[in-house]
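Breakdown of the fold
Here are the chains, one letter per residue:
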Amino acid sequence: MIAITEKNHVFCQNCSAELHNSIRICPTCGSREFGQSPLASIDRNSGQSSADPSILNGVPGNLGNFRIPIWSEVGSAYAQVFANLGVFARLAWLPIAISYSINFAIGYYTGANGVPFPEFVGVLNQLFFASVFAVSWHRFVMLGDTKSNQLASLSISGREFLFTLATVLILIAVYGVAFVIGVLGAVLAGGDENLGIATGILGLLAAGVISSRLIFVFPSIAVDLGPSISESFSETSKNTWRI
């Protein structure tokens, strides 16, 4: 899923799933028919619809009261993977091979010269190529963007670097908040073990809330909508605990 606002959402005409209007294939049922409501068609070029805006008030998934059906979304995600294992493998194997080859080369060089392996470089390398795969998979699921006759796929552009940067910054924010709360808790606890445990749990909960509120940033980057933090916060406002 990605950040959805009233101006850029459509509904699958087959299963009524609410989707971003950049999506070309419904990830739930595979349909290519979309509309502003399950009952109305939309011109994909002009963006004009035959729907009466008042219809949306009675449509399940209306943004004002939208609740993400987590279990069905998780089931749909796994179904999507198993239904497209060939595509998944084609998108994954080359980034994985390059990432491990780079780490192997670095390890061989540092070992031969008695230099410690730069762990940060190794982690950043794996994170970047994981982002390369993640962007490709997002684009396949949401845009149908893939060449099925290719043995491998490797696309590196600005979006992959932005995806990696967003991952790093969000990890820093999440762990930073948890660390600060943990330190403050340790100071305030003053040796009280129960209070220390409570603040530790609070830190983990805060980290979970932040990460869940920012989760839609990633697919938005993958489909070139930009890292809209405000939209991600808005669209997850009533789904924090579900996510």
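Please refer to the structure placed before this passage.
This report concerns the structure included in the present document. Sequence order sets the numbering: in each chain, residues are counted from 1 along the sequence as written. In keeping with the model being predicted, local features are shown solely for residues with a pLDDT of at least 70 and side-chain atom pairs are shown and tallied solely at 80 or more, while totals for entire chains, interfaces and linings include all residues. Values reported for side chains reflect all heavy atoms of the structure, with hydrogen atoms and water molecules removed beforehand.

**Examining the nonpolar core**
Nonpolar core, defined: a set of buried Ala, Val, Leu, Ile, Met, Phe, Trp, Tyr and Cys residues in which side-chain atoms within 4.5 Å join the residues together. The buried label applies to any residue whose accessible area, calculated with a 1.4 Å probe on protein chains only, is under 20% of its type's maximum; exposed applies above 50%, and partly exposed to all values in between. With twelve residues, the main nonpolar core is built from Ala134, Val135, Phe163, Ala166, Ile170, Val174, Ala207, Leu214, Val217, Phe218, Ile221 and Ala222. Residues within four places of Val174 in sequence aside, it is in contact with Ala207, Ile210 and Ser211. Judged by nonpolar contacts, the second largest core, of ten residues, contains Ala92, Val141, Met142 and Leu143. Residues count as neighbours in contact if any of their non-hydrogen atoms are within 4.5 Å of one another.

**Thoughts on a nonpolar patch on the surface**
A cluster of nonpolar side chains, namely Phe179, Val180, Val183, Leu184, Val187, Leu188 and Leu195, defines an oily patch on the protein surface of about 700 Å² accessible area. By the criteria applied, helices consist of DSSP H or I runs no shorter than four residues and strands consist of E runs no shorter than two, each listed in order from the N terminus. When residues of the nonpolar patch are assigned to their parent elements, the largest contribution, six residues, is made by helix H4 (residues 158-189). For Val183, the location among the structural elements is in helix H4. Patch definition: residues above 30% relative accessible area lacking any salt bridge, with like charges linked at up to 9 Å and the nonpolar side chains Val, Leu, Ile, Met, Phe, Trp and Tyr linked at up to 5 Å. The Shrake-Rupley method, run with a 1.4 Å probe sphere, supplies the accessible areas, and residue values consider only the shown protein chains as cover. What counts as a salt bridge is simple: a side-chain nitrogen of Lys or Arg found within 4 Å of a carboxyl oxygen of Asp or Glu.

**A few points about the pattern of salt bridges**
Applying the stated criterion across every chain, the model contains two salt bridges. Ionic pairing is found between Asp224 and Arg159, a salt bridge with its closest N-O pair at 2.9 Å. In this pair, Asp224 is assigned in the loop between helix H6 (217-222) and helix H7 (229-235) and Arg159 in helix H4, connecting sequence segments 65 residues apart. Salt bridges sharing partners connect three or more residues here, namely Arg139, Arg159 and Asp224.

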